[in-house]
Structures are given as structure tokens and as C-alpha cells.
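For reference, the chains in residue letters:
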Amino acid sequence: MRLYFLGIGGTLMGSLAQLARQKGFAVSGFDRALYPPMSDQLAAAGIEVFEGFDPNQLRPLPDLAIVGNAGMPRGHEAVEYVLEHDLPYTSGAEWLGEAVLPGRWTIAAAGTHGKTTTASMIAHILDKAGLDPGFLIGGVPVDFPASARLGTGPCFVVEADEYDTSYFDRRSKFLHYRPKTLVINNLEFDHADIFDDLEQIQYQFHHLVRAVPRSGLIIAPGQDANVEATLKRGCWTPVSTFALVEHGGTPVDSSMATADQWHAVDIDDDGSRFSVSLNDKPLGPVHWQLMGRHNVANALAALAAAQHAGVPAADGIAALGTFRGVQRRMELIVDRPGLKVYDDFAHHPTAIRSTLEGLRASVGSERIVAVVEPRTHTMSLGTLRGELTTCCATADEAIWFRGDNIQWDVGQVVKDSLVPASVETNIANLVESIAEFGMESPRPTHVVIMSNGAFGGIYERLRQRLGRAPI
């Protein structure tokens, strides 16, 4: 059977293409532009890909066209060709739900923040337990060679995105997955291009909650009003909660919990060490490579999900100690005396704030410079611009890159910023400015580049200009 992917370079579509290839299908596809890491993964999988669409790519005609969401609206020449020639077609999320997930124990990681990292943690824990899970993750876990694999075990871990499915299916992607174990990390307003308000997002999440069976488990933060309000609309599944216990504090019972309560206690300021308790019973300490209290919360959710799938908590805790994270989540790309540069996939003001707070706790008084491209639909539309003025508060300086897609005055954020800030519009100038940071400051400098896209190739330019970080 021949499958043709429209938009194969995206994280979801490229990962699905790899799963299809592993299932024995003949796979090809195109995208407007292809770049690492997905282009490398597709090449390693032996998948034929094209930059730009040409009808000759569909000869002989495929048995099924799988239509991506990003950049594939009505009017796109590839979409119109599929429709005009009456080719069978489906969406990526629907294909996953129908061709891969039936018969598997699906573990879904959902929420506004932390989906990729949490899904990667769960897959890592299951893998270390010898369960050989399948997974599809919207990033590249450092502990695995690719973002997706079928696996031979019963479990399949999927990053469950609330973004809509395709031009012909406006439901959230995750409604196609029907999980047995569901993690909802948190819930905030996002995706301003398709949702008008938080209420619309909660509506989609409650449909996801409705799909989890009574024998399943929902794992939710113990203190998140938006998640709690969503579950109060109706919940037919046991709920386990997780929460961080502040210094010297005691666990707070969650009104949402009908199953277990997971807590992190004795948390180091930077989140690199903490201890885990389950229903107030100490389980043991975690000492790992990650930083930030948000990642501590992700870890608790991952432990709860893995235990539901059969991994003892002690084994999960041990596995977290070897978890190395995900590419583009505070990935060190340049390491020179006095200067470290990180690549971080920041997509929302809350994510920017959490990441910078974690770094501040780790490096103390050393200099932090946040370089932010507000590229996501929500940030590029200026929907959360008020939060953007405060999200870099723990940095010493912020540089905002104004790309062509920005539809509002970034200068206003600079004016209202709580820390010294500036606007840059030229990638080459930005690279040179970063290169000078390590020389001009007596304090060690940490530069965090935050974007959910390629950022004009800045990452490779910095590696070439300053040298790569040691592997």
C-alpha cells in the first residue's frame, strides 16, 4: 500500500510517516521546506521526500493521501489535486487513531505545556522497564534515535495536541486517540488563531475526558483551576493528582483526586533534586539532568502514568535519573568559557517564564539573556502581549526578534518590559551580538534562544560562529 503525506516535514506528519514505513507501507511526501531534525529522520528511515509539490510525485497514484494541518488549507495546489482526482484521503491524527492505536494501551500526554517532555519521560520509563513501548512525540527525545517508533509492547505513548486536525476536521487532534491513560499537565489559553477563549479549549478537553474508559486513569495537577473546572463538567474515570510541596509545607489533599496523590517534596531550588511521595508515603529521591519546577511536575505525571501501565514507582524513579531530556528543550548548543547558548522551544509566555526561572535557580547571579521570537500563532497575533512584558522578569536582559509574521508593535513590549529589552530584525546582527556577550561581561553569560521554529537558521549560524557544545 502506498501512502503520500502532504506536509511531511512537520513534527506530527514526519513522525507518522516513520510509523507507516515501520508498518511496511511505501511512503513518500512533500513539504514547502524540509529541515533538521525531521529531514534527517526521514532520510534515515529511507522515506522519499520532496520540497514543493509536483503532481508527478503522485504517479502512480497512492492508495491513500494523508493531509497535514499546517499550511494545507483549501486552495493549496496539492489539496486541490487530491480532491480533483478523487484520491482517498484522511488526516494524520485520524490515520494514527485507525491504523496504529487500535489494540494498544494508549497513554496520552496533553495540556498547554510540557506535553513533549512528559511523553518522552513516560516512553523512557516504559523502555527502561523492558516494555518496548511505541511512541509518537512532537520532538526528538535524546534517549531515542527518532521521534516515533511502533514498538512491540502493549503500550503506545502519544503527545496529544489540542490543535485542530485538518482543514476538513476542526476537532482537536487528540480526540482521535481514545487513551486509556490520560495526562493533563495544565490548561491555559493558547492557539488564538483557532480558539476564541479558554472556554472553547476546555470544551475540546472535556470531549477527550469523555473518551477515557472507567478502567482507565486521568492524571491531573492538584491545583489547576482550569483543569478542575473541566473535570467538573463530568468525569467517569478515576483521577490521580500531582503537586509540588513547597519548602517546609505539607501535602494538600486535592478535591479532584479519586485515586492516588503524588507529591514532590524536598525540591532543590533548580529542580535538579527532589523526592517523591505517593499518598504521603515516601518513595525515594530523584537526581537528574533536568532543571525547573515545571519539569518536576512533569516527572510526577510521568511516574503516575507509567505506574498505571504496570511499572513500579521505584523503577520509574530510577529511570528518571537516566532521562536526558528532549532536543530543543534547554538544549545546550554552544559552550564556551564565559558563554553558554541554549535552544528552547518556547511557545507561550508561561513556558518562557518557567524556563527562565529554572535557569535562574540553577545559575544564581550569573547573567541571563533571553532572545525570543514570538512566532507561535498566539504570540504573533499579540493575544498575550501583556504577559510578554513580564515573562522574562528573571533574566537580566531580553531581546525580541521581530519577524515578518508579527502583526503588532513589539516595541510596546520593550517599552513595558520589567528588564532592559530591545528589538532586533536582522539574524546576522543578532548572531554577532550573541557572539560578543561572552567577551563584554565579567559575569558568565547564559543566552536562551526561544522559538518554536527555525528562527532563520540562527542555531546553525551560532554553532558555526562560536563552535558546538560538547556531546
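For the structure, check the block above.
This one's a predicted model, so the numbers in the text were calculated from it and none came from an experiment.

With that out of the way, let us pick up the overall build of the protein. Helix and strand counts for the protein stand at 15 helices and 23 strands. In summary, the protein has a C-alpha radius of gyration of 22 Å against a globular reference of 23 Å for 471 residues, a match within 12%. Over its C-alpha atoms, taken along the principal directions, the protein stretches across nearly 65 × 55 × 40 Å. When burial is assessed residue by residue, the protein has 57% of its 471 residues classed as buried. Contacts spanning at least 24 positions in sequence make up 65% of the contacts within the protein whose residues lie at least 6 apart.

Here we take up the side chain of Asn-295. Within the secondary structure layout, Asn-295 lies in helix α8 (residues 293-308). Residue class for Asn-295 comes out buried when judged on its relative accessible area of 9%. There is a polar contact of 2.9 Å between the side chain of Asn-295 and the backbone oxygen of Met-291. Contacts of Asn-295, omitting those with residues within four sequence positions, involve Thr-117, Met-121, Trp-288 and Leu-290.

This part covers the side chain of Gln-18. By the secondary structure assignment, Gln-18 is in helix α1 (residues 11-22). Judged by its relative accessible area of 4%, Gln-18 falls in the buried class. Here the side chain of Gln-18 touches Gln-41 through a polar contact of 3.0 Å, side chain to side chain. Leave out the neighbours within four places in its chain, and Gln-18 touches Met-38, Gln-41, Leu-42, Ala-45, Ile-47, Ala-146, Ser-147 and Ala-148.

The subject of this paragraph is the pattern of salt bridges. A side chain of one charge can pair with a side chain of the opposite charge if their charged atoms are brought near each other. A full pass over the atoms with the stated rule returns 16 salt bridges. Glu-397 serves as the salt-bridge partner of Arg-367, at 3.2 Å between the closest nitrogen and oxygen. With Arg-367 in strand β20 (residues 367-372) and Glu-397 in strand β21 (residues 397-401), this pair connects stretches of sequence that are 30 residues apart. Classification of Arg-367 by relative accessible area gives buried; the value is 10%. Across the salt bridge formed by Arg-465 and Glu-432, the nearest N and O atoms sit 3.1 Å from each other. Placement of Arg-465 in helix α15 (residues 458-466) and of Glu-432 in helix α14 (residues 427-440) is noted, with a sequence separation of 33 residues between them.

We now examine helix α3 (residues 77-84). Along an α-helix, a turn takes 3.6 residues, which lines up residues three or four apart on a common side. Residues of α3 that are buried: Ala-78, Val-79, Tyr-81 and Val-82. Projected down its long axis, α3 shows its buried positions confined to an angular sector of 160 degrees, all on one face. In α3, the exposed residues that point more than 90 degrees away from the buried face are Glu-77 and Glu-84. Looking at the residues trailing α3, positive phi occurs at Asp-86, about 55 degrees.

Attention now goes to the packing of helix α5 (residues 115-128) against α8. The N-to-C vectors of α5 and α8 enclose an angle of 45 degrees; their axes lie 9 Å apart at closest approach. The angle between α5 and α8 falls in the class oblique. Regarding α5 and α8, the two cross each other, and that crossing is right-handed. The residues of α8 that touch α5, namely those facing Thr-117, Thr-118, Met-121, Ile-122, Ile-125 and Leu-126, are Asn-295, Asn-298, Ala-299, Ala-301, Ala-302, Leu-303, Ala-305 and Ala-306.

Let's shift gears to unusual backbone geometry. The omega torsion of the bond from Pro-36 to Pro-37 falls at 5 degrees, within 30 degrees of zero and hence cis. Mapped onto the fold, Pro-37 is located in the loop between β2 (26-31) and α2 (38-44). Here the amide bond leading from Arg-59 into Pro-60 is cis, since omega sits at -5 degrees, within 30 degrees of zero. Of note, Pro-60 is situated in the loop between β3 (48-51) and β4 (64-67). In this model, Arg-178 sits at a positive phi of 50 degrees, which is unusual for a non-glycine residue. Along the chain, Arg-178 turns up in the loop between β11 (169-172) and β12 (181-184).

Let us now look at the pairing of strand β14 (residues 239-244). The buried count for β14 comes to six of six residues, which makes it a mostly enclosed element. Residues of β14 alternate between two faces, with Val-239, Thr-241 and Ala-243 on one and Ser-240, Phe-242 and Leu-244 on the opposite face, all of them buried. Relative to β14, strand β13 (residues 217-221) is paired through four bridges, and the arrangement is parallel. Its bridge partner being in β14, Pro-221 is matched across the sheet by Phe-242. The parallel pair β13 and β14 is bridged by helix α7 (residues 225-231), and the resulting crossover is right-handed. Across four bridges, the pairing between β14 and strand β15 (residues 261-265) is parallel. From the neighbouring strand, Ala-243 faces β15, where its bridge partner is His-263.

With that settled, the discussion passes to the state of the cysteines. In the structure shown here, the tally under the stated rule is zero disulfides. Of the cysteine sulfurs around Cys-392, a residue in no disulfide, the closest is that of Cys-391, at 4.0 Å.

Strand order across the open sheet formed by six strands is β18-β19-β23-β20-β21-β22, with mixed pairing between neighbours. Strand pairing shows two members of the sheet lacking a second neighbour, β18 (331-336) and β22 (421-424), which therefore form its edges. Shown here is a sheet whose adjacent strand axes are inclined to one another by a mean of 20 degrees, direction ignored. Here strand β19 (residues 339-344) runs beside strand β23 (residues 445-450); their pairing, made up of six bridges, is parallel. The partner of Val-341 across the bridge, within β23, is Val-447. Lying on the sheet, helix α10 (residues 349-363) is in contact with β19, β20 and β23; it crosses β23 at an angle near 165 degrees. Relative to β18, α15 is tilted by about 25 degrees, and along the sheet it contacts β18, β19 and β23.

Conventions adopted
Residues numbered from 1 in each chain as written. Predicted model: local features only at pLDDT ≥ 70, side-chain atom pairs only at ≥ 80, totals over all residues. Heavy atoms only, no water. Helix = DSSP H or I, 4+ residues; strand = E, 2+ residues; numbered from the N terminus. Rg over C-alpha atoms; globule rule 2.2 N^0.38 Å. Buried < 20%, exposed > 50% of the residue type's maximum accessible area, 1.4 Å probe, protein only. Contact = heavy atoms within 4.5 Å. Polar contact = N/O pair within 3.5 Å; in protein donor to acceptor, adjacent residues only side chain to side chain. Salt bridge = Lys/Arg side-chain N within 4 Å of Asp/Glu carboxyl O. Arc of directions from axis to C-beta. Axes fitted to C-alpha atoms, helices over the stretch in contact; angles between N-to-C directions. Parallel < 35°, antiparallel > 145°, perpendicular 65-115°, else oblique. Left-handed = near helix turned anticlockwise from the far one by under 90°. Pairing = 2+ DSSP bridges. Right-handed = clockwise from strand over helix to strand, strands pointing away. Disulfide = S-S within 2.5 Å.

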